[in-house]
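Secondary and tertiary structure notes
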Amino acid sequence: MLRGLAALLFFQLLGESLVFVTGFPVPGPVIGLVLLFLSLLALQGRLRETIPAVEAAAGALLGNLGLFFVPAGVGVVALWGVVQDEGGAIAAVLIVSAVFTLAVTVWTFIAVRRLLGERDGAA
Amino acid sequence: MRSPVELWIYLSTSPLIWLTLTVCTWIAASEVSRRLDRNPLVNPVLTSILLLSLVMTVFEIPYQQFFEGAQFVHFLLGPATVAIAVPLYRQWDRVRRLFLPIAAALFVGSFAAVSSVVVLGTLLGLSEDVVVSFLPKSATAGVAMAISASLGGNPSLTAVLVILTGIVGALIVTPFMNLMRVRDYAARGFAAGLTSHGIGTARAYEVDETAGLFAAIAMALNAVATSAVVPLAAAWIGR
């Protein structure tokens, strides 16, 4: 578990460092994600002690993903004065944009899947 | 002996109490959500934020002071983003078989998420600063804040809009998909993760494991796609 957490932190560090050095316009943790994924593929089940530890740490973090959004969310109160005047318009954009994005994404996914005749048991 | 007032003054200025309160509030909110069959109206992210905001307002605690403690939780967003590599690796064979639907939905979805903000925001007369901070709202918080900062937006405002988008998406995704009679849980999850990042993903995991996985994949891919699409949209509105 601790080893797993260390691995996740290490890959984040690697990602942040690469972004800082190259100026590549993608956030560090995303690069860390890609690098960890490629490493897992390359290792193909070797490192029998470390990989289960990474899986355990990842499971613990992803199982409580919502928690990590709470501190920034409480900032809504602190920013209320800034957005007060535009609050109605902001709420409208938020809701309409979310519904629109959900709809076009799910329809595109299903349309292309049907076009390919792919089933995967779930459709 | 010191008085309770002195204790309160001591505790309220230390990070410990706000960290403890954040974690305990989350555990309680998750428990309530679990007992009410994951009803989206008691989404644990939403109830935790509301409860903590109430405490901050009642006790007149400045956000900076609260964040001194809560930052330790906030920090875990980074490693949690990296952690998405694990489900992606485990399910890589399924993902590869659905490569085309994923690529198409990612392309269309990330453009829809960003361009709808430009069009609606301009139509409803939002100021340009708000629109720029609004653009990356479907990407996960850490990513969206970085994009916003690089374009001269307000990262704190972006964080708030990201969270609100997450909550709105998590609240509407299940009733919306049921109404549209979508029973493909890979597609449902993908749309939830693309629209509402981690909060949508957490919601998708509650509903169905396949949905959760595809939500996590969509969140990871859209973090990258949003980083590419938002600068284009910003150029479009002249930033």
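Computed from a predicted model, the values in this text were never measured in an experiment. (Residues numbered from 1 in each chain as written. Chains lettered and ligands numbered in written order. Predicted model: local features only at pLDDT ≥ 70, side-chain atom pairs only at ≥ 80, totals over all residues.)

Quick notes on the overall build of chain A
Broken down by element type, chain A carries five helices and zero strands. Of the regular secondary structure in chain A, the N- to C-terminal order runs α-α-α-α-α. At 20 Å, chain A has a C-alpha radius of gyration far larger than the 14 Å of a compact globule built from 123 residues. Along the first, second and third principal axes, the C-alpha atoms of chain A reach 55 × 45 × 30 Å. Out of the 123 residues belonging to chain A, those deemed buried represent 39%. The long-range share in chain A, meaning contacts at least 24 apart out of those at least 6 apart in sequence, stands at 48%. (Helix = DSSP H or I, 4+ residues; strand = E, 2+ residues; numbered from the N terminus. Rg over C-alpha atoms; globule rule 2.2 N^0.38 Å. Buried ≥ 20, exposed ≤ 12 C-beta atoms within 10 Å, placed from the backbone. Contact = placed C-beta atoms within 7 Å.)

So, the nonpolar core
Grouped together as the largest cluster of nonpolar side chains are 115 residues, with contacts concentrated most on Ala83, Ala85, Phe190 and Ile217 of chain B. Apart from the residues within four sequence positions on either side, alanine 83 of chain B is in contact with Leu8, Ala57, Ala58, Leu61 and Leu62 of chain A. (Core = buried A, V, L, I, M, F, W, Y, C linked by C-beta atoms within 7 Å.)

Things to note about helix 2 (residues 28-43) of chain A
Taking 1.5 Å of rise per residue, 16 residues should cover 22 Å, and helix 2 of chain A covers 22 Å from first to last C-alpha, within 8% of that figure. The set of residues buried in helix 2 of chain A consists of Gly28, Pro29, Val30, Ile31, Gly32, Leu33, Leu36 and Leu40 of chain A. Looking at the buried side of helix 2 of chain A, the elements it contacts are helix 1 (2-22) of chain A together with helix 5 (77-83), helix 6 (85-90), helix 10 (141-150) and helix 13 (209-236) of chain B. After helix 2 of chain A finishes, the residue glutamine 44 of chain A shows a positive phi value of roughly 45 degrees. (Expected span 1.5 Å × (residues − 1).)

What to know about the interface of chain A and chain B
Across the boundary between the two partners, chain A contributes 66 residues, which contact 90 residues of chain B. The set of elements that each furnish at least two residues to the side of chain A that touches chain B consists of helix 1, helix 2, helix 3 (50-63), helix 4 (70-83) and helix 5 (87-115) of chain A. The element that contributes the greatest number of residues to the side of chain A that touches chain B is helix 5 of chain A, accounting for 21 residues. Along the lines of polarity and charge, the residues of the side of chain A that touches chain B split into 52 nonpolar, nine polar and five charged. (Nonpolar A, V, L, I, M, F, W, Y, C, P; charged D, E, K, R; others polar.)

With respect to unusual backbone geometry
It is generally the case that most residues other than glycine have a negative phi and that most peptide bonds are trans. Residues and elements named next belong to chain B. In this model, glutamate 60 sits at a positive phi of 50 degrees, which is unusual for a non-glycine residue. Residue placement: glutamate 60 occurs in the loop between helix 3 (44-58) and helix 4 (63-75). Owing to 8 C-beta atoms within 10 Å, glutamate 60 belongs among the exposed residues under this scheme. Phi at histidine 197 is positive, roughly 40 degrees, even though this residue is not glycine. Within the secondary structure layout, histidine 197 lies in helix 12 (residues 185-207).

Things to note about the packing of helix 5 of chain A against helix 11 (residues 155-179) of chain B
In the contact formed by helix 5 of chain A and helix 11 of chain B, the axes pass within 9 Å of each other and the chain directions differ by 50 degrees. Classified by the interaxial angle, the pair formed by helix 5 of chain A and helix 11 of chain B is oblique. The two elements helix 5 of chain A and helix 11 of chain B meet at a crossing, and its hand is right-handed. Taken together, the residues of helix 11 of chain B that come into contact with helix 5 of chain A (itself represented by Leu94, Ile95, Ala98, Val99, Leu102 and Val106 of chain A) are Leu164, Thr165, Val168, Gly169, Ile172, Val173, Phe176 and Met177 of chain B. Looking at the contact of helix 5 of chain A with helix 11 of chain B residue by residue, the classes come out as twelve nonpolar, two polar and no charged. (Axes fitted to C-alpha atoms, helices over the stretch in contact; angles between N-to-C directions. Parallel < 35°, antiparallel > 145°, perpendicular 65-115°, else oblique. Left-handed = near helix turned anticlockwise from the far one by under 90°.)

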